[in-house]
Amino acid sequence: MKKQILGLALTATLGFSTPLLAAGVAQSIHVYKSPTCTCCTAWIDHLESNGFDVESTDTQNMNRIKIDAGLTRNLASCHTAFVGDYVIEGHVPAEDIRQLIANAPKARGLAVPGMPAGSPGMEMGDRKDHYEVLMFNDKGQTKVFSEHN
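Cut-offs and rules
Residues numbered from 1 in each chain as written. Predicted model: local features only at pLDDT ≥ 70, side-chain atom pairs only at ≥ 80, totals over all residues. Heavy atoms only, no water. Pairing = 2+ DSSP bridges. Helix = DSSP H or I, 4+ residues; strand = E, 2+ residues; numbered from the N terminus. Axes fitted to C-alpha atoms, helices over the stretch in contact; angles between N-to-C directions. Contact = heavy atoms within 4.5 Å. Right-handed = clockwise from strand over helix to strand, strands pointing away. Buried < 20%, exposed > 50% of the residue type's maximum accessible area, 1.4 Å probe, protein only. Arc of directions from axis to C-beta. Salt bridge = Lys/Arg side-chain N within 4 Å of Asp/Glu carboxyl O.

Asks: So, the sheet that holds strand β3 (residues 80–83): which residues are in play, and what are the values?
Replies: Sheet strands pair by backbone hydrogen bonding; their relative direction is either parallel or antiparallel. Pairing within the open sheet is mixed, and its 7 strands lie in the order β2-β1-β3-β4-β5-β6-β7. Both outer strands of the open sheet, β2 (53–58) and β7 (142–148), are each paired with one neighbouring strand and no more. Recorded for the sheet is a direction-independent mean angle of 20° between the axes of neighbouring strands. Here β3 runs beside strand β4 (residues 86–90); their pairing, made up of 4 bridges, is antiparallel. Within β4, the position partnered with A81 by the bridge is I88. Seen against the sheet, helix α2 (residues 38–49) touches β1 (28–33), β2, β3 and β4 and runs at an angle of roughly 175° to β1. Along the sheet, helix α4 (residues 94–103) contacts β1, β3, β4, β5 (109–112), β6 (131–136) and β7; its crossing angle with β7, the most-contacted strand, is approximately 135°.

Asks: Explain the pairing of β2 to me, and be specific about the residues and the numbers.
Replies: With 6 bridges joining them, β1 and β2 adopt parallel strand pairing. Following the sheet pairing, Y32 is matched in β2 by T57. The parallel pair β1 and β2, bridged by α2, forms a crossover whose chirality is right-handed.

Asks: Give me the lowdown on the environment of D45, citing residues and values where you can.
Replies: Here D45 lies in helix α2. Separated by 75 residues in sequence, D45 and P120 place their C-alpha atoms 9.1 Å apart.

Asks: With reference to specific residues and values, describe α4.
Replies: All of the buried residues in α4 are A94, D96, I97, L100 and I101. Buried residues along α4 cover an arc of 160° about the axis, so they all sit on one side. Facing away from the buried surface of α4 by more than 90 degrees, the exposed residues are E95, A102 and N103. At the exit of α4 stands A104, carrying a positive phi of roughly 45°.

Asks: I'd like to hear about the pattern of salt bridges, residue by residue, with values.
Replies: Inspection of the entire model under this criterion finds 5 salt bridges. Its salt-bridge partner being K66, residue E89 comes within 2.6 Å of it at the nearest N-O pair. Of the two residues, E89 is situated in strand β4 and K66 in helix α3 (residues 62–68); the sequence distance between them amounts to 23 residues. You'll find E89 and K66 in the same group, each marked buried. Close ionic contact of D138 with R108 constitutes a salt bridge, the shortest N to O distance being 3.7 Å. Placement of D138 in the loop between β6 and β7 and of R108 in the loop between α4 and β5 is noted, with a sequence separation of 30 residues between them.

Right, here's the structure in full:
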């Protein structure tokens, strides 16, 4: 009986602590980008205005970062970021990153392939392309995480 009570208490405690830990992780994100890419800088501004603490590293070797992160060509965009154990590729909205961290699914990360107009950092006046945020795993398999118009 004591083991059952201890197990329930531990489960309740861990269930309560995990979102708090995840929330702390979600505040810090490390972005790798080309030193000349202005849309990457605009995406960083979007993250900062949405409460993220952003560390940015300029690099001329983005392909190595993407390969090491397990990204496939069909997921690629201009910048690659890391938040906790997740990879964030491209112009993923801050709200989707927060949702990923809060739900903590078994996934490698999120990606917005290409550079769709109207995505964070790719604002072009009234032009807003429909785009999908893809969740992907270590095998490169994807599923739609969210859609934006």
